[in-house]
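Structural overview
One-letter residues, chain by chain:
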Amino acid sequence: MLQTPTSDHQTAGGGDRDELPVLRLAGLKTQFVLEDGVVDAVDGVDLEIGRGETIAVVGESGCGKSMTARSILRLVDRPGKIAGGQVWVPAPPDSEVREPRRRRGLLRRKKDVPVLPDAPDGMVDLVTAEQPTIQAVRGKRIAMVFQEPMTSLSAVHTIGNQIVEAIRLHEPLTKEEARQRAIELLGRVGIPGPEKRIDSYPFELSGGMRQRAMIAMALSCDPELLIADEPTTALDVTTQAQILELLKSLQREFGMAIMLITHDLGVAAQMADRVVVMYLGKVVECGELRSLFAHPKHPYTRALLRSVPALGMRRGARLDPVRGMVPHPYDRPTGCAFHDRCDYFIPGRCEVAEPPMITDDDGHQVRCVLFEEEN
Ligand code: SF4
């Protein structure tokens, strides 16, 4: 039986972290300042993920899904930068926040994390937090799995060494104890002969096995939230189904929340409790899976759902792709960013002002003028 570390249920402030959401984004904004202009890759995203919940973030390529995920853990490469908003997570206990090693004064003194006036009790803002707090959250409280494991696994270290290192970064275990735990994890994610495979290099494993090893590494510290960025896109359909099934069973066992980034609505339908639809860096619709798939409101969501093959389609029938192309990031349309592709476009209105987010009585949110009157 896999031994999971005893999780600390206290926040730094002494509150009960089980009562807090695992993530709350408030107006998150990520920009790329380039010679030709400024690209708003993430443009004011609000989102909350509860304990044990699975949300799927969907949309076409370039709509800001992955950049939202990377911004949460402050993994945005230059020239990108987080330009505004907050990323609230339950504050890690003091025992998990390591003081930085000071070498000849090269490192800045650790400053207190600024507390904003609207800071939720027991939560900390990763956008303004110092590195020790971010390191205590990254990998331990929030782990991430990427589409292509070879980009995140080191090619020159065995998978065992990499998992052992990840475990020992956050847990006070000896090398041998961490190795035993890595073997258990590799077995748990379905890698046959984990005692031997632990000494394999990533290139010696198939794509599916590498993804399983990546998941084992992500789970090594019993995270509260697993962010999976297109975790099955590079895999064949059989392996894809196995990995999704594995994620579901691990979620039941570990009780973690999952934020699944995917362009595949079939994957979202299979996994999610709630679906978030993004377009050009903004959330345009968000709701419970059944309600959103059965009664999509935003014209973009409707178009996405029409573009997916359905059971019972007649042979030779054509799919109905979303009309037009995602606009160039420098050429963002005015008003509703979807207006030049929308079948319901209202001239003189849709291109004039950006519609606000509207929430109905069931918590279903949509950003479209068609629902302003209904509201
Ligand atoms: Fe279409 Fe107008 Fe709604 Fe935008 S606001 S999705 S253009 S109807």
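Quick notes on the rules
- Residues numbered from 1 in each chain as written.
- Predicted model: local features only at pLDDT ≥ 70, side-chain atom pairs only at ≥ 80, totals over all residues.
- Heavy atoms only, no water.
- Near = heavy atom within 4 Å.
- 1 Å grid on protein atoms, 1.4 Å probe; cavity = no way out; pocket = protein on both sides within 12 Å on 5 of 7 lines; lining within 4 Å.
- Sits in = over half its atoms within 2 Å of the grid points.
- Nonpolar A, V, L, I, M, F, W, Y, C, P; charged D, E, K, R; others polar.
- Helix = DSSP H or I, 4+ residues; strand = E, 2+ residues; numbered from the N terminus.
- Contact = heavy atoms within 4.5 Å.
- Pairing = 2+ DSSP bridges.
- Axes fitted to C-alpha atoms, helices over the stretch in contact; angles between N-to-C directions.
- Patch = residues over 30% accessible without salt bridge, like charges linked within 9 Å, V, L, I, M, F, W, Y side chains within 5 Å.
- Areas by Shrake-Rupley, 256 points an atom, 1.4 Å probe, with all protein chains shown as cover.
- Salt bridge = Lys/Arg side-chain N within 4 Å of Asp/Glu carboxyl O.
- Buried < 20%, exposed > 50% of the residue type's maximum accessible area, 1.4 Å probe, protein only.
- Expected span 1.5 Å × (residues − 1).
- pLDDT = per-residue confidence, 0-100.
- Lys, Arg positive; Asp, Glu negative; His and termini not counted.
- Charge placed at Lys NZ, Arg CZ, Asp CG, Glu CD.

Every residue close to the ligand is listed here: His298, Pro299, Cys336, His339, Cys342, Tyr344, Cys350, Pro355, Cys368, Val369 and Leu370. Comparing atom positions with the cavity grids shows the ligand to sit within the largest cavity. Counted by class, the shell around the ligand contains 9 nonpolar, 2 polar and no charged residues.

What follows concerns the environment of valine 189. Mapped onto the elements, valine 189 comes out in the loop between helix 5 (175-188) and helix 6 (194-197). Once residues within four sequence positions are removed from consideration, valine 189 is found in contact with Arg212, Ile215, Ala216, Leu246 and Leu250.

Here we have 8 strands laid out as an open sheet, ordered 6-7-8-3-9-10-12-11, and mixed in their pairing. With partners counted over all chains shown, the strands left at the sheet margins are strand 6 (142-145) and strand 11 (358-359), one partner each. Pairing between strand 10 (residues 282-288) and strand 12 (residues 365-366): 2 bridges, direction antiparallel. The residue of strand 12 that forms the bridge with cysteine 286 is glutamine 365. Docked against the sheet, helix 11 (residues 299-306) engages strand 9 (274-279) and strand 10, running at close to 105 degrees with respect to strand 9.

All right, on to the sheet that holds strand 2 (residues 37-49) then. Taken together, the 4 strands give an open sheet; going across it, the order is 2-1-4-5, and neighbouring strands pair in antiparallel fashion. The open sheet has two edge strands, strand 2 and strand 5 (123-125), and neither has a second partner. For this sheet, the mean inter-axis angle between neighbouring strands, taken without regard to orientation, is 10 degrees. In this sheet, strand 2 lies alongside strand 1 (residues 23-34) in antiparallel orientation, the contact comprising 10 bridges. Looking at strand 2, one finds that phenylalanine 32 is bridged to valine 39. Strand contacts of helix 1 (residues 65-72): strand 1, strand 2 and strand 4 (80-90), with the helix running at about 110 degrees to strand 1, the strand carrying the most contacts.

A contiguous nonpolar surface patch, about 280 Å² in accessible area, is contributed by Met150, Tyr201 and Phe203. Inspection of the secondary structure puts tyrosine 201 in the loop between helix 6 and helix 7 (207-219).

Here we come to the pattern of salt bridges. Summed over all chains, the structure comprises 17 salt bridges. Taking the shortest distance from any N to any O, the salt bridge between glutamate 224 and arginine 51 comes out at 3.3 Å. One end of the pair, glutamate 224, is in the loop between helix 7 and strand 7 (225-229); the other, arginine 51, is in the loop between strand 2 and strand 3 (54-58), and 173 residues separate them in sequence. Residue aspartate 343 pairs with arginine 323 through a salt bridge whose shortest N-O separation is 3.2 Å. Separated by 20 residues along the polypeptide, aspartate 343 in the loop between helix 11 and strand 11 and arginine 323 in the loop between helix 11 and strand 11 bring together distant segments of the chain. Since its relative accessible area comes to 52%, aspartate 343 is described here as exposed.

Cis peptide bonds are those with omega within 30 degrees of zero, and the linkage from arginine 78 to proline 79 qualifies with 10 degrees. Within the secondary structure, proline 79 sits in the loop between helix 1 and strand 4. Unusually for a residue other than glycine, arginine 74 sits at a positive phi of about 55 degrees. Along the polypeptide, arginine 74 turns up in the loop between helix 1 and strand 4. With relative accessibility at 28%, the residue arginine 74 sits in the partly exposed group. Non-glycine residue glutamate 230 carries a positive phi angle of around 45 degrees. With respect to the element layout, glutamate 230 can be found in the loop between strand 7 and helix 8 (237-254).

Our focus in this paragraph is helix 5. For helix 5, with 14 residues, the first-to-last C-alpha span of 20 Å sits near the 20 Å given by 1.5 Å per residue. Regarding helix 5, the residues found buried are Ala178, Arg181, Ala182, Ile183, Leu185 and Leu186. Two residues or fewer after helix 5 comes glycine 190, characterised by a positive phi angle close to 90 degrees.

Moving on to the confidence of the model for the protein. Here the protein shows a mean pLDDT of 85. Residues at 70 or above account for 88%. In this model, residues 1-7 is a region of pLDDT below 50 whose contacts with residues beyond four sequence positions or in other chains number 17 contacts. Taken together, the stretch residues 101-115 has pLDDT below 50 and engages in 18 contacts with residues farther than four places along the chain or on a different chain.

A word on the pairing of strand 8 (residues 257-261). Most of strand 8 sits out of view: 5 of its 5 residues are buried. Side chains Ala257, Met259 and Ile261 of strand 8 all project onto a buried face; the interleaved residues Ile258 and Leu260 project onto the opposite face, where all are buried too. Of the pairings in the sheet, the one linking strand 3 to strand 8 comprises 4 bridges and is parallel in character. Bridge pairing links isoleucine 55 to methionine 259 in strand 8. Both strand 7 and strand 8 contribute to a ladder of 5 bridges, which runs parallel. Its bridge partner being in strand 8, alanine 228 is matched across the sheet by leucine 260.

Moving on, we come to a negative patch on the surface. On the surface, Asp273, Glu288, Asp361 and Asp362 cluster together into a patch of negative charge. Along the polypeptide, glutamate 288 turns up in strand 10. Looking at glutamate 288, the relative accessible area reads 46%, which means it is partly exposed.

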